[in-house]
Amino acid sequence: MTTPFYITTPIYYVNDVPHLGHAYTTIVADALARFHRMRGDDTRFLTGTDEHGQKVEEAATKRGLTPQQLVDQVAPRFDECWKTIGIDGYRFIRTTDAKHKLVVANLWKRIRERNPEDIYLATYQGWYCVGCEAFYTESQLVKDGDTWSCTTHKKPVAWIDKERSWFFRLSKYAKPLLAHIAAHPEFIRPTQYRNEIVSFLEKEELRDLSISRTSFAWGIPAPDPDPEGLAHVIYVWMDALTNYYSDLCPDGSLESADAAKYFPHAIHLIGKDILRFHSVYWPAFLMAAGLPLPHSILAHGWWTVRGEKISKSMPATRIDPVTLSDALAVGPLGRPIGIDAMRYYLMREVPLGNDGDFTFESLFGRFNADLANDLGNLVNRSLTLIGKFAAEFPPVCDDAQFAGGENPHWQLETHAFQATNAVARELELCAPSKALEQLWKFIGQANRYIDQTQPWAMAKAKDPVLGHTLWCLQRSLWTIAQMITPVLPSTSATILGWLGDAAPARWPIGAGGRVFTLAPGVLATDATPSVLFPRLDEPMQAAIVTKVAGEYAAGAAPAAPAPKPAAKAAVKPEAGATDAPAGPITYEDFAKLELRVGKVLTAAAVPKKDRLLHLTVDLGEAKPRTIVAGIAEAYKPEALVGKQVIVVANLAPRKMAGLMSEGMILAAGDEAILGLSAIDHDVPPGTRVR
Ligand code: ME8
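To start, this report covers the structure provided alongside it. If you're wondering where the values come from, they're calculated on a predicted model, not measured in any experiment.

Brief notes about the overall build of the chain
Link 1 in the chain: Secondary structure assignment for the chain yields 21 helices and 27 strands.
Link 2 in the chain: Per-residue burial for the chain yields a buried fraction of 54% across its 690 residues.
Link 3 in the chain: Partitioning the intrachain contacts of the chain with sequence separation of at least 6 by distance along the chain shows that 75% fall at a separation of at least 24.

Some words on the sheet that holds strand 17 (residues 356-357)
Link 1 in the chain: Taken together, three strands build an open sheet; the order of strands is 16-15-17 and the sheet is mixed. Pairing within the sheet leaves two strands with one partner each, and these edge strands are strand 16 (308-309) and strand 17.

Describing the site of the ligand
Link 1 in the chain: By nearness alone, 26 residues border the ligand, and Ile11, Thr25, Asp50, Trp303 and Ile310 come closest of all.
Link 2 in the chain: At a separation of 3.5 Å, an oxygen atom of the ligand approaches a polar side-chain atom of histidine 22.
Link 3 in the chain: The protein chains hide 96% of the 670 Å² of surface that the ligand would expose on its own.
Link 4 in the chain: Going through the elements one at a time, strand 1 (4-13), helix 1 (20-38), helix 7 (236-241), helix 8 (243-246) and strand 13 (266-271) are the ones with two or more residues in the shell around the ligand.
Link 5 in the chain: With four residues, the single largest contributor to the shell around the ligand is strand 1.
Link 6 in the chain: Residue composition of the shell around the ligand, by class: 13 nonpolar, nine polar and four charged.

Considerations on the environment of leucine 412
Link 1 in the chain: Here leucine 412 lies in helix 14 (residues 408-428).
Link 2 in the chain: Taking the C-alpha atoms as reference points, leucine 412 and serine 476, separated by 64 residues in sequence, lie 8.0 Å from one another.

A word on unusual backbone geometry
Link 1 in the chain: That bond from arginine 189 to proline 190 is cis: its omega, -15°, falls within 30 degrees of zero.
Link 2 in the chain: With respect to the secondary-structure elements, proline 190 resides in the loop between strand 9 (188-189) and helix 6 (191-203).
Link 3 in the chain: Phi is positive for arginine 306, close to 50°, though the residue is something other than glycine.
Link 4 in the chain: For arginine 306, the position within the fold is in the loop between strand 15 (303-305) and strand 16.
Link 5 in the chain: One non-glycine residue, cysteine 430, adopts positive backbone phi at about 60°.
Link 6 in the chain: For cysteine 430, the location among the structural elements is in the loop between helix 14 and helix 15 (432-453).
Link 7 in the chain: Residue classification places cysteine 430 among the buried residues on the basis of a relative accessible area of 4%.

Things to note about the pattern of salt bridges
Link 1 in the chain: Applying the stated criterion to the full structure yields 28 salt bridges.
Link 2 in the chain: Taking the shortest distance from any N to any O, the salt bridge between arginine 110 and glutamate 255 comes out at 2.9 Å. Here arginine 110 is found in helix 4 (residues 98-114), whereas its partner glutamate 255 is found in the loop between helix 8 and helix 9 (257-262), with 145 residues between them in sequence.
Link 3 in the chain: With a relative accessible area of 9%, arginine 110 lands in the buried category.
Link 4 in the chain: Judged by its relative accessible area of 57%, glutamate 255 falls in the exposed class.
Link 5 in the chain: Between arginine 213 and glutamate 163 there is a salt bridge, and its shortest N-O distance comes to 3.0 Å. Of this pair, arginine 213 sits in strand 11 (residues 212-213) while glutamate 163 is found in strand 8 (residues 158-168), placing the two residues 50 residues apart along the sequence.
Link 6 in the chain: Linked through salt bridges whose partners overlap, the residues forming this network are Arg44, Arg91, Asp247 and Asp258.

Comments concerning the nonpolar core
Link 1 in the chain: In this structure, Phe358 and Trp440 are the most contacted members of the largest nonpolar core, which totals 111 residues.
Link 2 in the chain: Element by element, the count of residues in this core is highest for helix 13 (residues 360-389), at 13 residues.
Link 3 in the chain: Within the second largest apolar cluster, 76 residues are counted, among which are Trp237, Cys249, Ala266 and Ala284.

About the thresholds
Residues numbered from 1 in each chain as written. Predicted model: local features only at pLDDT ≥ 70, side-chain atom pairs only at ≥ 80, totals over all residues. Heavy atoms only, no water. Helix = DSSP H or I, 4+ residues; strand = E, 2+ residues; numbered from the N terminus. Buried < 20%, exposed > 50% of the residue type's maximum accessible area, 1.4 Å probe, protein only. Contact = heavy atoms within 4.5 Å. Pairing = 2+ DSSP bridges. Near = heavy atom within 4 Å. Polar contact = N/O pair within 3.5 Å; in protein donor to acceptor, adjacent residues only side chain to side chain. Areas by Shrake-Rupley, 256 points an atom, 1.4 Å probe, with all protein chains shown as cover. Nonpolar A, V, L, I, M, F, W, Y, C, P; charged D, E, K, R; others polar. Salt bridge = Lys/Arg side-chain N within 4 Å of Asp/Glu carboxyl O. Core = buried A, V, L, I, M, F, W, Y, C linked by side-chain atoms within 4.5 Å.

Here it is in structure tokens:
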């Protein structure tokens with residue numbers, strides 16, 4: 001018996017086309033669905049479009065179209081956008097589908113049958129925001145002069161004067177809702193949103209809700225006749241929320257096997273803007289109808305640009321996800337990798353639930369440090385080593401090397417085991433950024449394994465353990481390639497292809513909980529990998545900014561990185577030093593420089609100094625040197641241990657951040673794109689560089 005997993009996104013309004021905010025929700029839902037599919041869960045993923053209501057009717061009128069013409073034009077653009085950015089395995093619902101309309105009418109009827117007093121006729125008078133399609137009290141609005149405005153859309157709200165309407169007795173459900181939330185702590189997630197709703201239900205008197213409108217016609221007709229003969233359409237939120245249920249009812253009846261199977265497992269992923277509709281109105285309707293409630297409401301924060309929410313009504317913030325992913329498709333592998341980079345940034349940068357400001361600086365930082373450097377280097381180094389040495393030292397597992405204790409092979413296996421559990425746990429909890437944090441920890445450990453074992457030195461020494469070492473590298477790469485699948489599906493498929501594994505992605509847990517015991521078949525040993533994520537240098541960054549932000553008015557686009565000097569030493573240059581060429585120097589001038597190969601023994605962050613790392617470096621002298629280097633933005637301390645660097649060994653010692661720095665490390669580039677001078681094979685520490 002497989003466990004059902006049912007994830008939904010909001011159904012988006014069709015008064016405009018999709019932007020990065022919509023893409024964020026859909027991408028997170030896609031990643032969670034991919035994870036559950038990999039685990040063999042019976043996964044259902046639903047998105048779609050919300051096509052009725054005053055807002056859509058007004059947008060159609062503005063464009064000289066009928067509402068039906070407008071929705072038929074715009075709804076496919078959402079579907080196309082999701083296909084273009086690789087969203088997979090979803091069902092797409094439209095609220096103008098006949099079956100959906102039938103289910104909404106059936107829900108209304110069911111509430112009347114079960115609780116006849118819950119739906120009644122009365123008169124509505126008050127404020128309405130067409131942008132939110134919501135009724136507001138003055139305490140929920142802001143006043144500017146004589147005008148009341150909605151806090152989300154920052155636009156004036158409309159006064160509805162004594163409109164006859166059907167009401168839903170929402171007030172009756174405050175206590176049952178509080179009881180349900182108390183009994184199911186995971187019902188509204190993350191905690192800050194549960195607290196918000198609990199406080200709303202406890203402190204504010206829940207008022208009955210108007211659930212029909214008579215002043216426009218674009219909606220589902222209310223099933224109950226009005227004694228005065230007025231034509232009512234059902235309130236668009238009652239109509240829209242029902243999509244999560246109606247998609248499970250193939251013949252329009254509320255009694256359906258799919259609904260019974262999936263709906264109690266439903267996770268409604270939404271933006272925080274529509275939390276109240278989902279965690280108060282929707283469960284109250286379901287309670288009134290005697291239907292089960294969804295498993296949970298999972299709310300995320302807003303993506304902003306220069307602090308302003310990305311939204312349809314703010315054109316200057318409206319980043320197009322297709323343009324962005326195309327702009328990031330800089331490598332030989334093209335668009336799929338651009339899409340993966342966008343997905344990675346959105347899911348890694350901000351913990352689900354928090355707001356995040358989109359900046360090119362943070363995007364390029366993530367791209368270069370995490371994708372090009374950490375992941376890209378690991379893939380490249382591992383496959384290159386396997387390609388170079390596997391013929392002589394075939395990758396095979398030598399169980400004797402897993403005897404436990406301190407040896408690096410056993411440690412790597414332990415780390416792999418911990419990572420597969422930790423990453424899965426975070427994804428089960430719907431926390432992609434934490435999952436990625438755990439995954440990148442393991443990528444760092446695998447990179448360190450190469451530094452520690454030094455396969456090139458083993459090859460030179462004809463060490464027979466090299467075969468086992470290559471096997472461990474293959475297995476850790478395979479494990480990582482599987483685990484990145486939910487977030488980086490194309491990258492994963494590419495790496496698995498290089499490893500010769502064409503089977504569908506699956507979560508890497510082996511027999512008895514061991515990871516490396518799961519042999520995925522014969523893995524290729526001669527793959528020549530191409531670059532997955534090329535480092536974005538300044539011209540590439542500038543081209544991406546122009547492509548994505550080109551259409552914005554100056555000053556409104558997301559912040560672009562400030563131009564940087566062409567090169568910089570890893571520590572601040574001495575006073576008077578510049579990047580400009582100094583002109584030819586004599587050999588004697590050059591000979592004054594004592595450049596030596598050093599091996600990093602330890603590396604640690606320097607408290608309160610974001611750029612600096614405190615290193616100890618072996619220069620083949622009696623005592624390792626202390627070196628303070630400004631490379632923290634490009635290298636994590638653990639990635640440096642064991643690395644060979646070139647050190648200016650005769651630079652006068654200098655006090656930095658309270659430490660006496662006894663040398664300078666040569667480096668190329670700047671901050672996130674910084675690279676340390678490398679030597680392509682093992683050289684004894686202290687060797688002079690000429
Ligand atoms: O509200 N940051 O549709 P909608 C993050 N039709 N997410 C964002 C975002 C941003 N800046 N902007 C939009 C509706 N979103 C209703 C929903 S459901 C029964 C009916 C995402 O087109 C986020 O998921 O206004 C938000 O909740 C949704 O788009 C709103 O889309």
